Amino acid sequence: MQLGKANKKLYFKKSFLVIVGTILVALTYYFFQVPNGIVAPGLGGICMLLVKFIPIPLGILYFLLNIPLFLIGYRAVGVPFALLSLLGMCSLSFFLTLFSSLPGPYLPLIGCILSGILSGIGIGIVILAGGTTGGLDIASVVINRKFPNFSIGKTMMVINGIVLLCSLIGEGLQRTFLTFFSMLIAGKSVDWTLSYKKQFKKGGETI
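Cut-offs applied
- Residues numbered from 1 in each chain as written.
- Predicted model: local features only at pLDDT ≥ 70, side-chain atom pairs only at ≥ 80, totals over all residues.
- Heavy atoms only, no water.
- Core = buried A, V, L, I, M, F, W, Y, C linked by side-chain atoms within 4.5 Å.
- Buried < 20%, exposed > 50% of the residue type's maximum accessible area, 1.4 Å probe, protein only.
- Helix = DSSP H or I, 4+ residues; strand = E, 2+ residues; numbered from the N terminus.
- Contact = heavy atoms within 4.5 Å.
- Axes fitted to C-alpha atoms, helices over the stretch in contact; angles between N-to-C directions.
- Parallel < 35°, antiparallel > 145°, perpendicular 65-115°, else oblique.
- Left-handed = near helix turned anticlockwise from the far one by under 90°.
- Nonpolar A, V, L, I, M, F, W, Y, C, P; charged D, E, K, R; others polar.
- Phe/Tyr/Trp six-rings, centres within 6.5 Å; stacked < 30°, edge-to-face > 60°.

Our next topic: the nonpolar core. Judged by nonpolar contacts, the single largest core of 37 residues is most densely connected at Y29, L96, I127, I152 and V190. The set of elements that each furnish at least two residues to this core consists of α1 (5-33), α2 (42-50), α3 (58-77), α4 (79-98), α5 (108-128), α6 (136-146), α7 (152-171) and α8 (173-194). Considering every element that reaches this core, the biggest residue donor is α4, with 6 residues. In contact with Y29, not counting residues within four places along its chain, are V34, P35, A40, M48, L58 and L96.

As structure tokens, then:
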């Protein structure tokens, strides 16, 4: 079945937003998180810790670990979500590889705040478009669909507790403290971004 002109336009708009969101997440990772020792939230943070011990590029490792989570999202939420999440997953993996040599300033406190705000907005934009950046974002969306009382941002914060524990073991107290506040801000930023969803429902369009 072919998509109508209006549906093609809406799908293109969603795909564009997914790419914009993943660019923001990747830039935030290399510009604020890496130089300040802040562990990224979700699966990205787990990959960030693993690449220190496994000789695999971050973007490739992120893609590989996403495969089982992508299959879960496909079965639980459906094809449109799965396709946009696949785009988000591939797009983020690509930009993580593309921006790998990007330098960033050593400003721990500012980096903590800005990484939380910008990564949360980036993830929120992707989810707003109907997809995810892959990783534990998929699990958060699936849980939110099944249990609407659990917001996506709050669910992410709970899941990220695992990442914080790993960070405490591998990175020490100071970096874990910065990571905690960055993740807390990111979760709030995701919910704040998603609160604008109603604006995209005017005129019959839903993102």
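Moving on, there is more to tell.
Our focus in this paragraph is the packing of α3 against α6. Between α3 and α6, the least distance of the axes is 9 Å, while the angle of their chain directions is 20°. Between α3 and α6, the interaxial angle falls into the category roughly parallel. Our pair here, α3 against α6, has a crossing hand that is left-handed. Counting all contacts with α3, which are made through L69, F70, G73, A76 and V77, the residues of α6 involved are L136, I138, V142, R145 and K146. In terms of residue class, the contact of α3 with α6 is built from 7 nonpolar, 1 polar and 2 charged.

Here we come to the packing of aromatic side chains. Remark: the centre distance and the inter-plane angle together describe each pair of aromatic rings, the angle taken between the planes. Inspection of the entire model under this criterion finds 6 aromatic pairs. Look at Y29 and Y30: their rings are 4.7 Å apart centre to centre, the planes differ by 75°, and that puts the pair in the edge-to-face class. Residue class for Y30 comes out buried when judged on its relative accessible area of 9%. Between F94 and F95 the ring centres are 5.1 Å apart and the planes differ by 70°, which places this aromatic pair in the edge-to-face class. Looking at F94, the relative accessible area reads 48%, which means it is partly exposed. Through a chain of ring-to-ring contacts, three or more aromatic side chains come together here, namely F94, F95 and F99.

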